[in-house]
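# Understanding the architecture of this molecule
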Amino acid sequence: MAMNSTGRGDTRPQADTVGGATATFTGNRGLQIEEALIFEQGQPGRTAVDLPEPPATALRIGKVKARGEIGLPGLSEPQVIRHYTRLSQKNFAIDAGFYPLGSCTMKHNPRLNEAMARLPGFADIHPLQPISTVQGALEAIDSLAQWLLTLTGMAAVAMSPGAGAHGEQCGMIAIAAALEARGDKRSRVLVPESAHGTNPATAAALGYTVDAIPATADGRVDLEALKAKLGPDVAAIMLTNPNTCGLFERDIVEIARLVHEAGALFYCDGANFNAIVGRVRPADLGIDAMHINLHKTFSTPHGGGGPGAGPVVLSEALAPYAPASAVVRDGDGFRLVEHPEGTSFGRMKAFAGQMGMFTRALTYILSHGADGLLQASSDAVLNANYILASLKDVMSPAFDGPCMHEALFDDEFLKGTGVTTLDFAKAMLDEGYHPMTVYFPLVVHGAMLIEPTESEPKESLDLFVATLRNLSERAMSGDAAHFTGAPRLAPRRRLDETAAARKPVLRWKPVEVLDEAAE
Amino acid sequence: MANIKFTKDHEWIRIEGETAVVGITDYAQQQLGDVVFVELPDVGKTLERGKDAAVVESVKAASEVYAPVDGEVTEINKLLQDQPDTVNTDPHGDGWFFKVKLSDTAQLDVLMNETEYKNMIAELT
Amino acid sequence: MRYLPLTENDRKGMLARIGVSSVDALFEDVPASARRSGPIEGLAPHEGELGVERRMKALAGKNIPAGSVPFFVGAGAYRHHVPAAVDHLIQRGEFLTSYTPYQPEVSQGTLQYLFEFQTQVALLTGMEVANASMYDGSTACGEAVMMANRVTRRSKAILSGGLHPHYAEVTRTQARWTNFTSIESPADVDGTEDLTGLIDDTTSCVVVQNPSVFGHVRDLSALAEACHAKGALLIVVVTEVVSLGLLTPPGEMGADIVVAEGQSIGNALNFGGPYVGLFATREKYMRQMPGRLCGETVDADGRRGWVLTLSTREQHIRREKATSNICTNSGLCALAFTIHLSLLGEAGLTRLARLNHATAAALADRLAKVPGVEVVNDGFFNEFTIRLPKPAAGVVEELAERKILGGVPVSRLIAGKPELDNLLLVAATETTTQDHIDALAAALEEIL
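Residues numbered from 1 in each chain as written. Chains lettered and ligands numbered in written order. Predicted model: local features only at pLDDT ≥ 70, side-chain atom pairs only at ≥ 80, totals over all residues. Heavy atoms only, no water.

Looking only at helices and strands, one finds four helices and nine strands in chain B. Sequence-ordered secondary structure for chain B, helices as α and strands as β, is β-β-β-α-β-β-β-β-β-α-α-β-α. Relative to the 2.2 N^0.38 estimate, which gives 14 Å for 125 residues, the radius of gyration of chain B is 13 Å and therefore close to what a compact globule would have. In terms of its C-alpha atoms, chain B occupies a principal-axis envelope of roughly 35 × 35 × 25 Å. Partitioning the contacts of chain B with sequence separation of at least 6, the portion at a separation of at least 24 is 58%. For chain B, the accessible surface area stands at approximately 6,200 Å², while carbon and sulfur atoms represent 46% of it. (Helix = DSSP H or I, 4+ residues; strand = E, 2+ residues; numbered from the N terminus. Rg over C-alpha atoms; globule rule 2.2 N^0.38 Å. Contact = heavy atoms within 4.5 Å. Areas by Shrake-Rupley, 256 points an atom, 1.4 Å probe, with all protein chains shown as cover.)

A few words now on the interface of chain A and chain B. Contacts between the two partners involve six residues from chain A and, on the opposite side, nine residues from chain B. Between chain A and chain B, a total of about 580 Å² is buried, with carbon and sulfur atoms accounting for 45% of that surface. For the interface between chain A and chain B, the tally reads zero salt bridges. The interface formed by chain A and chain B includes four residue pairs in polar contact (both at pLDDT 80 or more). Broken down by class, the residue content of the side of chain A that touches chain B amounts to one nonpolar, one polar and four charged. (Buried area = accessible area lost by both parts, 1.4 Å probe. Salt bridge = Lys/Arg side-chain N within 4 Å of Asp/Glu carboxyl O. Polar contact = N/O pair within 3.5 Å; in protein donor to acceptor, adjacent residues only side chain to side chain. Nonpolar A, V, L, I, M, F, W, Y, C, P; charged D, E, K, R; others polar.)

With that out of the way, let us pick up the sheet that holds strand β10 (residues 374-375) of chain C. Residue and element names in this part refer to chain C. Ordered in space as β10-β11-β13-β12, the four strands form an open sheet in which the pairing is antiparallel. In the strand order of this sheet, the two ends are held by β10 and β12 (408-409), each with one partner. Strand direction decides the pairing type here: β10 and strand β11 (residues 383-387), joined by two bridges, are antiparallel. Bridge pairing in β11 places glutamate 374 opposite arginine 387. (Pairing = 2+ DSSP bridges.)

This part covers the interface of chain A and chain C. At the junction of the two partners, chain A supplies 214 residues and chain C supplies 190 residues. Buried surface at the junction of chain A and chain C, both sides included, amounts to about 17,600 Å², of which 62% is carbon and sulfur. It is Arg60(A), Arg67(A) and Leu506(A) that lose the most area in chain A upon contact with chain C, and together they represent 5% of the buried surface on that side. The interface formed by chain A and chain C contains 18 salt bridges. Put simply, Glu40(A) and Arg304(C) hold a salt bridge, and the shortest N to O gap is 2.8 Å. Scanning the region where chain A abuts chain C turns up 96 residue pairs in polar contact (both at pLDDT 80 or more). Broken down by element, the side of chain A that touches chain C gets its largest block of residues, 26 residues, from helix α9 (residues 355-391) of chain A. When the residues that make up the side of chain A that touches chain C are grouped by side-chain class, the tally is 115 nonpolar, 58 polar and 41 charged.

Residues and elements named next belong to chain A. Take threonine 437: it is sitting in strand β12 (residues 437-438). Threonine 437 has contacts with Pro100, Leu101, Gly102, Ala447, Met448 and Leu449, leaving out every residue within four places of it along the chain. Reaching out from threonine 437, the side chain makes a polar contact with the backbone oxygen of glycine 102 at a distance of 2.7 Å.

Moving on: the sheet that holds strand β9 (residues 98-102) of chain B. Ordered in space as β1-β2-β3-β9-β8-β5 (chain B), the six strands form an open sheet in which the pairing is antiparallel. Strands at the two margins of the open sheet, each flanked by one partner only, are β1 (4-6) and β5 (46-47) of chain B.

Here we take up the side chain of His302(A). For His302(A), the position within the fold is in the loop between β6 (289-291) and β7 (312-314). Discounting chain neighbours no more than four positions away, the residues touching His302(A) are Ile94(A), Cys104(A), Thr105(A), Met106(A), Asn109(A), His295(A), Leu96(C), Ser98(C) and Tyr99(C).

So, on to the packing of aromatic side chains. One pass over the structure, following the stated rule, counts 15 aromatic pairs over all chains. Aromatic side chains Phe351(A) and Tyr275(C) sit 6.2 Å apart centroid to centroid with 80° between the ring planes, which places their arrangement in the edge-to-face category. On the criterion of chain membership, the pair formed by Phe351(A) in the loop between β9 (333-337) and α9 and Tyr275(C) in the loop between β6 (257-261) and β7 (277-281) is interchain, its members lying in two chains. Accessibility assignment for this pair places Phe351(A) and Tyr275(C) in one class, buried. Considering the side-chain rings of Tyr433(A) and Phe464(A), the 5.1 Å spacing of their centres and the 75° angle between planes classify their relative orientation as edge-to-face. Here the residue Tyr433(A) occupies a position in the loop between α10 (421-430) and β12, and Phe464(A) occupies one in helix α11 (residues 458-476), the gap between them amounting to 31 residues. With respect to burial, Tyr433(A) and Phe464(A) carry one shared label: buried. Among the aromatic residues, those joined into a cluster by ring pairs are Phe98(A), Tyr433(A) and Phe464(A). Against the face of Phe27(C) rests Arg279(A), its NZ or CZ located 3.9 Å from the ring centre. Over the ring of Trp96(B) we find Lys99(B), and its NZ or CZ is 5.1 Å from the ring centre. (Phe/Tyr/Trp six-rings, centres within 6.5 Å; stacked < 30°, edge-to-face > 60°. Buried < 20%, exposed > 50% of the residue type's maximum accessible area, 1.4 Å probe, protein only. Lys NZ or Arg CZ within 6 Å of the ring centre and 35° of its normal.)

In this structure the tally under the stated criterion is 60 salt bridges over all chains. We note a salt bridge from Glu16(B) to Arg14(B), for which the minimum N-O separation is 3.5 Å. Overall, the relative accessible area of 38% leaves Glu16(B) in the partly exposed class. The buried category is assigned to Arg14(B), whose relative accessible area is 18%. When the shortest N-O distance is used, the salt bridge between Arg153(C) and Asp42(B) registers 3.3 Å. Of this pair, Arg153(C) sits in the loop between α6 (137-152) and β2 (156-159) while Asp42(B) sits in the loop between β4 (35-39) and β5, each in a different chain. Taking the relative accessible area as the measure of exposure, Arg153(C) reaches 65% and is therefore exposed.

On average, chain C scores 96 in pLDDT, and the residues at 70 or more come to 98%. Here the complex is predicted with pTM 0.95, and the ipTM for its interfaces comes to 0.97. (pLDDT = per-residue confidence, 0-100.)

All names here are of chain C. Of the positions making up helix α11 (residues 392-401), those classed as buried are Ala392, Val395, Val396, Leu399 and Ala400. Viewed end-on, α11 has its buried residues packed into an arc of 140°, placing them on one side of the element. Phi for lysine 403, located one or two positions after α11, is positive at around 60°. (Arc of directions from axis to C-beta.)

Listed below in structure tokens is the structure:
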């Protein structure tokens, strides 16, 4: 195995090695197996796929030549299965343990979702088959759309965006289109300081100037500051509700009224919908557009970073601008609108949307029903408040009072201990937890955002609380080294992100190429 | 040194006749952490006082470096392209960012001297 | 309820610790006008697995799966055989239910496969660096144009008439709302378009698809030179990534950015999503790439490992100055791609590509013999255009009644151009059999 075991000079941070670690011949540690890259294991002549020999006919590829060697490694099936199995064993996952990442909603991913998404009638259909041959798919999309509309109280839904941030862009373009249609040139978008980075990034990409609204001492949007910033040049406000501090914006109805009065529109980031789904309809709060992260609120799996889906519910004012493709009812059946018609603002993505995520989300929704969804959001909020109540005497909550589905702490309780939020998080890894979200939202120093979701049993919450109490006490008793040297038991210790950014190595290269480069 | 001035945004500017050398202070590099990349302006670019002149990136943050004065960029520090860590190890010397030809030397008068800057930092910590 | 572990007893104890009498008290910030007294009306109550299965199977049963009939539909998504190992591996909980690798110490599985994926994409496309995937090929195309605008500091993109119309529409939408210009070209049905005359020193990029949506394969080297002579970038789009197992890759033709739809490898048709966008470019443009990047490093004990890197380009740090607003990649779909390509290897992919091409050649020969059918292409990979004596949309409907999914009428992708109405795009892959080909030919002979 071509393992690089040479250090790169000064590693960051300075860390003690695992005290008395049992050195093994292989470098493996029991079930934790060191695994090389596929490129380091391949052999010419190996393959894991048996394909018939193609007939020896002449190539008909115009003036293009057939390519030379690609450089891909050859492996057999046993090797490939072993390789990826070993890789999987280095990952933390919801299936393995509590994953309290604030604003990510790491709830259980039901296996029925996977089975239903894989039915050949859903998985083996092409987006450009004749519409008459995919009526069930269109009906499924429409069913999901109807659930989303009823749960939110909104007038229309654009199903095509491929992820939350994509949905944000869809909603904001709809707003820009609506303003353009009424001949209204507005240049500013208001965004709370606590907003997720995608919000200002989306607004800026559309050419808007982003104007930050400060928060009050109790973590909500400062209504007076907002009033001062509203004006005839404001196109929209982008608010998250509950907000990124885990708090419900109690003035939201008034905010919506003020925004509309100023001729602007209200975009709502739906990342935290899990706190209120089934209990509160965003339409009743006065919003014009909201993206829904199906991979958060509706349990489609996070898959190591994707894929997601970000359908956007729209008010009457914005419905006419929705993009293609769209499923519409046609007599007893359904058809697809594939060319942007009338006032539609265009197209966000090829084909009709993330069907594989629709079937999973629909399965989840049917499993829960209206009563189950209400119970789920209630339990999510209950779990977060239980954690808040159980930790507020040893850790430092950022705000007073109850929270919604996530509890926010700052690093005040670590002051003077020599332990940072990051160090605290790394120590949690050794305890068998994925850390909560850290350093977000930016408005709180050393933020720690804990979102348990409704999937955690009380026993799990109790152990988590006990662990954090233990770690807090340990930090405050002066044992900083325990934290700054963490993790020690994870598949890797802390990694040198500085070196990775200074001299980026983004792919494997054959050794001869590296030697040439060194000359 | 009498010919160094400082901005409230932690840039330093060292006057060398009609041109001046600009960099970020030791305090700034400490706050930033390990510098991984520096984006410098093009030679010949016209800078406006207080507006973006360069970007300095660490692993977790990217910060704008503002122009302390109006002027034209005459030279940039190519060393930083291969060794961005020089900003950390020698922020006032080899870690300089760019040189600018001042269009209005009076703009230097409103900047802080070394003592004033040191006082300002003392209040921050 | 099977997914909700809390019991009534649990809830009571928890409420007591919190110090409220009911969970409703935790929602007192909700304005009175928005408060409800119970579940939202008009929605069904929860259901057990059996009931949900019945409903979902009923919906699935109303669709005709591609594998159950002779199938020739392509135009941006292709039916290939995915080995059984792929789906088993991606369903491992540690892959399926993990998150973005923000804590790299416990995410080395994800990070290592992303590094392998990035390497595979660079090798396939003949480019120097690749990112950790985009949502799909069409959004990758739009992002590539925006990257070219940043690199060249220009704002005019020229789109080939062979670019998939959905991709062109996505790019046009981005152009309209993020304020750049995209110039579209007439449909390049016979693969002879020459864009070089359109390139000037206000052009940021030329976007060309190879094989084109009409199936033509071209050497883009001359176009690349024409772009570079004027300081513009060449963006090459590949919607059938298996073609990279046979054809000279865009990197060797002078492409500056290559974007592709990776669905063909590892991922089912899934009615259009989720798919996986590939994005590759030259090393000198690395920092301008959108999306996530995985980089190699070492840990505190000096052992090799991987981390997400160059994150300062991304939205969570640069916010309004980010290269893009993207947050997600297509994780699990990228994993499926990586695993399938690992199973194929050099020999497997090369053979797969040749099989696809040979099958398409056999299909072209057979269809050319059907009276009234004209095969437009001289060259193709696994998809080509045929001209029928009457509108293709109607023919496709008649084929569907005969339980044959015969291809994509161009009119489905491009509306309002009657001169294109008789054109049909037909694709063949390694899953296409001689029986399928004979069935299509026989049916066309009847219908035409």
